[in-house]
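# Structural overview
Listed here are the chains, written in short residue letters.
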Amino acid sequence: MLSLPKFLSGSLVKFIVDGRGLYFFSFLCTIASKDIPQDSASLWHPATEIASQLNLDLDVSFTITRLFEEGNTIPFLARYRRNLIGDCDAEKLRSVKAMHDYLKQVQVRAAAVVKLIEKKNKLPPETRNVILNARSLEEVEFLYSPYKADGRVTKAQKARKLGLEPFAVAVLEGTPNATYEHLTNFIRPELPSNKEVLEGVQHIIADVISKNKAIIDELRELQGRSRIFIQCSETKKTKDSDKKGKGNVDDRERIKYQNFFNFNRDVQHVQPHQILAINRAENLKFLSVKIVLPDDFLCNRLFRVCENIWLRNNTSNQLRKSLINDSFTDAYNRLMAPYLKRNVRSKLNLKAQQEAIVVFATNLKNLLLSPPLRGKKILAVDPGFTHGCKFAFIDATGAVLHLETLYLNNRNGKQALNDSDVRKLRKLMVEFNCDTVGIGNGKGCREIEAHLGKLIKEGFFAPELDVSYTIVNEQGASIYSVSEEAKQEFPDTDPNLVSAVSIGRRLQDPLSELVKIEPKHLGVGMYQLDVNDKLLESTLNEIVIECVSFVGVDINTASIAVLRKLSGLNQARASEIIEWRKKNGTFLNRCMLKEVKGIGDKTFEQCAGFIRIVPQTAKSDGPKGGKLAKSDHKLNPLDQTLIHPESYPVAHKFCKQLSLNLEDLGTDRFIQEVKNAVSKINIKDTAEKLGADVKNVELIITGLTKPLDHDLRAEFATPLFKKGLMSMEDLTAGTILTGRITNVTSFGSFVDIGVNQDGLIHISKYSGFSPQLGNRVEVKVENVDVARKRISLLLVRIL
């Protein structure tokens, strides 16, 4: 037990009782844990770094990190704790969480390194403090490198083994023993002259300088303030390839990176996607890359620190001055500059990876929030050639009506092979009254689109059907089709036909279908293989949880695939909910969720606001059994809203104060009454009367003024349906077209404009707009390069 310090004053007590102080004090009380040792240097907190790096108020930073460590999820905080987190949105919270997790990893690694070193060596307190004060994994490893048991012995270690450390200490401290006369005491066969002795002493002093806390802190600060350049040049391998022809180098791959063959840019201005491209080209041996430091500037600034620490006294000793000068130069050239170059490169890579993941996450979020196509039967097509095209007819609820394999493409995809299959397709579409077609965008997609467009143009499906189609991203469908989940639902079905079902369902309800597939398999990012897989997976999983939670789920109909991605839940808890439904019937209110095994108070708090009790799917006869009193087994109107159960008392008081009848919740009349009443009150004063915070009252008002069937996905662009196909040859500069954003990158957006190649809107052609994946857009064709299959577009407007 950590006792309170004797000097605990009144002001410190005041600090401790406020939110941040209480958290900081709890942190002080846990520093004796096995992960973080009891040491003053370990008391730096991730929240301070987060506040500085992400431009957050320090109190807010401490609060958010505390809430994360208490097990709160991003969706819960973003919706129900806005008053505590400085109104941060989910994107900001993800940034905070990512940095918090990383900095905690740094602290744990630093503590582990200290323990590893202390098992074999006596670690000086100042070195121990420097390691525990490290702010990055690169810094920890740099400080740990001399102690690693990898068989390598540093120059400083060799000198210490030769007994030169006492003289090195004397030089640094400026004691009278630091003279030429005392050097003779160390001359021996291994060190036959003053020169060898001085070299050994210099190596020890250089090691001490490079590991000094003040020097490390200054180096860390200078890294962000210096003009540091990244330079790239073409390797000898690619130059030789140019002379000899292709050689062993894939010329088509190499030419992608020719913009970097003579590249020189300040690291502050290099773009994240450029770093990822440079890294890939370097790995392929196309580029030679180096970091160029402003050595004169850095040396001058760092030497001032060195002077302040070691040259303030006994400046008349020429040996001492000379040794410290030479040692500093050696430390900079051999230790500090290489470390700084590695650290700069590492930070560039980390920033580039984070940016790529942000782009991936944004695209994934927009994909998951694509509006559902409700009330429509779907004909889903998984295109193919030799093995035929797989067709799935799906009713408006997602149930499979019919599965069929038809041969509409020959091997080169130029024409339909079998007229009888074409007639059979028409017969089935008429039989199931299906005029909406979703075509997977895999191999054979454009050929099927051409056939279908031609049939529509010729009136083949008229007069019975007015057919239209859209292209569906089928990424991950084949992976899902062979998963255990798919095998359970379709035990005796060809996986290729299951893929077609998945394509159709993701058009009907993208979120419910796409949660079955690992996000990284959905193909909505670039440089996926060049980023940290664990970080990517973690971030994308957070996005899925956020989307599922903010859309909300009907607890009585949601599948396990959806439930396991709800805030606060996981696979085990979702399974228990499904099992409870099988045994007890439906949930009549949110509180009944507490009856489920594994759903404690904390889990209920995190998920309750995101589940819905829909009267149409909740049976009025209640469950077959249960622990709650029968009086609790009744529908609560507020369970259909985004209002959290913890706020129900405030919501009831609010409705009573405004004379609103909750039995009318969701009706047009009720919604208008709320809006009229709210327009006449001061929300801040109302919140004070209700004993609630303003953000909570605002959320209650939002919940009361939304239709009960409100779906936030309706705010996003619907799929682009077409009736025909153009080719690149049909395009000319100046043509105005409509299309749909299929991918967004840090350098531009790709657009499906109905030809066999997506066009690119470069970021310089955005015209002030901020396109997102799924947006329907109007674009102007600027240039068409048929040979290179490139279409350059200008964004006119977002539809």
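Quick note: structure is the one above.
We now turn to the structure provided with this report.

Now for the packing of aromatic side chains. Going through the model one piece at a time under the given rule, you end up with twelve aromatic pairs. Residues Phe 303 and Phe 328 carry aromatic rings whose centres are separated by 5.1 Å and whose planes lie at 65° to one another, so their mutual orientation is edge-to-face. Of this pair, Phe 303 sits in helix 17 (residues 295-310) while Phe 328 sits in helix 18 (residues 318-368), and the two are 25 residues apart along the sequence. Ring plane angle 90° and centroid distance 6.3 Å describe the contact between Phe 747 and Phe 750, whose orientation is recorded as edge-to-face. For Phe 747, a relative accessible area of 18% gives the class buried. Phe 750 gets classed as partly exposed once you look at its relative accessible area, which sits at 23%.

With that settled, the discussion passes to helix 17. Its 16 residues place the ends of helix 17 21 Å apart at the C-alpha level, agreeing with the 22 Å of an ideal helix rising 1.5 Å per residue. Of all the residues in helix 17, the buried ones are Leu 298, Arg 301, Leu 302, Phe 303, Val 305, Cys 306 and Trp 310. Buried-residue contacts for helix 17 involve helix 10 (165-173), helix 12 (194-210), helix 13 (213-225) and helix 18.

Moving on, we come to the pattern of salt bridges. As enumerated under the stated definition, the model contains 42 salt bridges in all. Among the charged side chains, a salt-bridge network with shared partners connects Arg 81, Lys 602, Glu 605 and Glu 646.

What follows deals with unusual backbone geometry. With omega at 0°, the peptide bond leading from Ala 462 into Pro 463 counts as cis. With phi around 60°, Asn 55 is a residue other than glycine that occupies positive phi space. Of note, Asn 55 is situated in the loop between helix 3 (46-53) and helix 4 (58-69). What makes Asn 55 exposed here is its relative accessible area of 70%. The phi angle at Lys 285 is positive, at roughly 70°, despite the residue not being glycine. Residue Lys 285 is classed as exposed on the basis of its relative accessible area of 51%.

Right, let's talk about the sheet that holds strand 2 (residues 262-266) for a bit. The strand order 2-1-3 describes an open sheet built from three strands, whose pairing is antiparallel. Looking at the sheet topology across the chains shown, the edges are occupied by strand 2 and strand 3 (287-292). Pairs of neighbouring strands in the sheet enclose a mean axial angle of 15°, with direction left out of account. Looking at chain direction, strand 1 (residues 229-234) and strand 2 are connected through five bridges and run antiparallel. Note that in strand 2 the partner of Phe 229 across the bridge is Asp 266. Contacting strand 1, strand 2 and strand 3, helix 16 (residues 272-283) crosses the sheet at an angle of about 125° to strand 3. Its contacts with the sheet put helix 18 on strand 1 and strand 3, and the angle it makes with strand 3 is roughly 115°.

Here the focus is the packing of helix 6 (residues 90-120) against helix 7 (residues 125-132). Between two packed helices, the angle of one axis relative to the other and the distance separating the axes together describe the packing. Contact geometry of helix 6 with helix 7 gives a least axis separation of 8 Å together with a crossing angle of 150°. Here helix 6 is positioned roughly antiparallel relative to helix 7, judged by the angle of their axes. You can see that helix 6 and helix 7 cross each other, and the crossing is right-handed. Within the contact between the two elements, helix 6 uses Ala 110, Ala 111, Val 113, Val 114, Ile 117 and Glu 118 and helix 7 uses Arg 128, Ile 131 and Leu 132.

What counts as what
- Residues numbered from 1 in each chain as written.
- Predicted model: local features only at pLDDT ≥ 70, side-chain atom pairs only at ≥ 80, totals over all residues.
- Heavy atoms only, no water.
- Phe/Tyr/Trp six-rings, centres within 6.5 Å; stacked < 30°, edge-to-face > 60°.
- Helix = DSSP H or I, 4+ residues; strand = E, 2+ residues; numbered from the N terminus.
- Buried < 20%, exposed > 50% of the residue type's maximum accessible area, 1.4 Å probe, protein only.
- Expected span 1.5 Å × (residues − 1).
- Contact = heavy atoms within 4.5 Å.
- Salt bridge = Lys/Arg side-chain N within 4 Å of Asp/Glu carboxyl O.
- Pairing = 2+ DSSP bridges.
- Axes fitted to C-alpha atoms, helices over the stretch in contact; angles between N-to-C directions.
- Parallel < 35°, antiparallel > 145°, perpendicular 65-115°, else oblique.
- Left-handed = near helix turned anticlockwise from the far one by under 90°.

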